[in-house]
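Results of the structural survey
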Amino acid sequence: MVSGRVAYLNGAFVPESEAKITLFDSQNHMGDMVHENTRTFGHRPFKLREHMERLYYSMAAVEIDCGLTIEQMEEVTLELLSRNEHTLAPEEDCFFIHDVSRGPHEYYAEVFPEGLGPVIGIYLWPLTRILANRARLYDSGVNAVTPRQRHVPTRFIDPKVKSRSRLHYQMAELEMRHWGADAWAILLDEDGFLTEGTAANFLLVKDGTLLSPEPRNILRGVTRQTVIEMADKTGIGFVEKNLEPYDILTADEAFFTTTSIFMMPATRFNGRPIGKGGVGPVYRRLANAFIESIGVDFIEQARLCAERLGVDWQSPQQEHGD
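Let me sum up the structure you'll find in this document. Please read all numbers here as calculations on a predicted model, not as lab measurements.

**Thoughts on the overall build of the protein chain**
For the protein chain, the count of helices and strands is 10 helices and 14 strands. The C-alpha atoms of the protein chain give a radius of gyration of 20 Å, which matches the 20 Å a tight globule of 322 residues would have. Of all intrachain contacts in the protein chain linking residues separated by at least 6 positions in sequence, the fraction that spans at least 24 positions is 73%. As displayed, the protein chain offers around 15,300 Å² of accessible surface, 50% of which is attributable to carbon and sulfur atoms.

**So, the pairing of strand β1 (residues 6-9)**
Burial along β1 is two-sided: Val6 and Tyr8 and Ala7 and Leu9, pointing in opposite directions, are all buried. In terms of strand pairing, β1 meets strand β2 (residues 12-15) through four bridges, oriented antiparallel. Within β2, the position partnered with Ala7 by the bridge is Val14. The hairpin turn running from β1 into β2, its antiparallel successor, is two residues long, and Asn10 in that turn takes a positive phi close to 45°. Two strands pair when backbone bridges link them, and β1 and strand β6 (residues 119-126) are joined in this way by two bridges, in the antiparallel orientation. By the bridge assignment, Tyr8 is partnered in β6 with Ile122.

**Remarks on empty space enclosed by the protein**
Tallied over the entire structure, the rule returns four cavities of 30 Å³ or more. What lines the largest cavity is a set of 14 residues, among which Pro159, Val161, Ser163, Ser165 and His168 lie closest to the centre.

**Section: the sheet that holds β2**
Read from one edge to the other, the open sheet built from six strands follows the order β2-β1-β6-β5-β3-β4, with strand pairing classed as antiparallel. Each having just a single partner strand, β2 and β4 (44-45) make up the two edges of the open sheet. As defined by bridge partners, strand β5 (residues 94-101) adjoins β6 across eight bridges and the pair is classed as antiparallel. Note that in β6 the partner of Val100 across the bridge is Ile120.

**Topic: the pattern of salt bridges**
This model, assessed by the stated rule, comprises 20 salt bridges. The partner of Asp93 in a salt bridge is Arg39, and the shortest N-O contact between them spans 3.6 Å. Within this pair, whereas Asp93 is found in the loop between α3 (70-84) and β5, its partner Arg39 is found in strand β3 (residues 33-41), the two being separated by 54 residues in sequence. Residue Asp93 shares its accessibility class with Arg39, and that shared class is buried. Note that Asp182 is salt-bridged to Arg268, the shortest N-O span being 2.7 Å. Separated by 86 residues along the polypeptide, Asp182 in the loop between α6 (167-176) and β8 (183-185) and Arg268 in strand β13 (residues 262-269) bring together distant segments of the chain. Via salt bridges that share partners, Arg49, Glu71 and Glu74 belong to a single interconnected network.

**Considerations on the packing of helix α7 (residues 222-233) against helix α9 (residues 281-294)**
The geometry of α7 relative to α9 is characterised by a closest axis approach of 10 Å and an angle of 100° between their N-to-C directions. With respect to α9, the element α7 is oriented roughly perpendicular. Across the interface between the two elements, Thr226, Val227, Met230 and Ala231 of α7 pack against Leu286, Ala289, Phe290 and Ser293 of α9. Considered class by class, the residues forming the contact of α7 with α9 number six nonpolar, two polar and no charged.

**Comments concerning the pairing of strand β10 (residues 209-212)**
Here strand β9 (residues 201-206) pairs with β10 via three bridges, running antiparallel. Directly across from Lys206, in β10, lies its bridge partner Thr209. Linking β9 to β10, which pair antiparallel, is a turn of two residues; within it Asp207 sits at a positive phi near 55°. Direction of pairing for β10 relative to strand β11 (residues 238-240): parallel, over a ladder of three bridges. Bridge pairing links Leu211 to Val239 in β11.

Conventions adopted
- Residues numbered from 1 in each chain as written.
- Predicted model: local features only at pLDDT ≥ 70, side-chain atom pairs only at ≥ 80, totals over all residues.
- Heavy atoms only, no water.
- Helix = DSSP H or I, 4+ residues; strand = E, 2+ residues; numbered from the N terminus.
- Rg over C-alpha atoms; globule rule 2.2 N^0.38 Å.
- Contact = heavy atoms within 4.5 Å.
- Areas by Shrake-Rupley, 256 points an atom, 1.4 Å probe, with all protein chains shown as cover.
- Buried < 20%, exposed > 50% of the residue type's maximum accessible area, 1.4 Å probe, protein only.
- Pairing = 2+ DSSP bridges.
- 1 Å grid on protein atoms, 1.4 Å probe; cavity = no way out; pocket = protein on both sides within 12 Å on 5 of 7 lines; lining within 4 Å.
- Points joined across faces, edges and corners; volume = space filled by probe spheres on them.
- Salt bridge = Lys/Arg side-chain N within 4 Å of Asp/Glu carboxyl O.
- Axes fitted to C-alpha atoms, helices over the stretch in contact; angles between N-to-C directions.
- Parallel < 35°, antiparallel > 145°, perpendicular 65-115°, else oblique.
- Nonpolar A, V, L, I, M, F, W, Y, C, P; charged D, E, K, R; others polar.

Quick look at the structure:
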């Protein structure tokens, strides 16, 4: 099916089906690509500058010069949204995905007589199906599971560089399939401390205080930072410290934060209830504060997406496996 959407690829806006990257690109050989995901609320990009700053930090860390200033990257992104906005329903929001690679690997330079250089790809994707499939989880919460797969130690690669080299995430996700559709991974580091989920940060609540793993071994998520700011504005204390699985078992609440769904409550840990086993008051307080500030009810939006696609967001949770 032709979407009618266009993507940006190295200076040109082209139909999605024509946005193709060569097999010889270094991303295929080394996972040599950095990226960012940004979403809209009410068709307006949320914290685009913060996401672009992290993208440019990641590029600097891996020594890629994409040839665009951060201001130019923002302009291209906003133009991409403008060119695609007609494909979105009024109540529909989308992702922006920015991928920047080093370009064709130098081994294959003879295939590119025009020279080698970085590849910039930007595309957007409607959030409707992503939100619809998660709508019921806002009420029941997810099952936070610690997989056998550990996080890559920071002495090997800095997790604050957001790259496409994420096979360890995929291995954790494959294990989650055995737990059921409501299982979300929370990876441990080599010392057994909590780090982050696969493309999501993880936070606990204990005695009314928000707790986070230390930032040394996690991606410092833009959404995570937004929640921290909300906590400060609403008088909720915040502490960063080493956290162990035991701390989840003794917590009052837990939740994941990530760009697409903003905040997702975790009501179980490895199948056991967290706190009272339901969505907690601190989560609701922070969610309501964000909804008020942004003017979009992200939970209700997910339910509307589910209704639009015929997904039953009120159905009971599937039982987890072993």
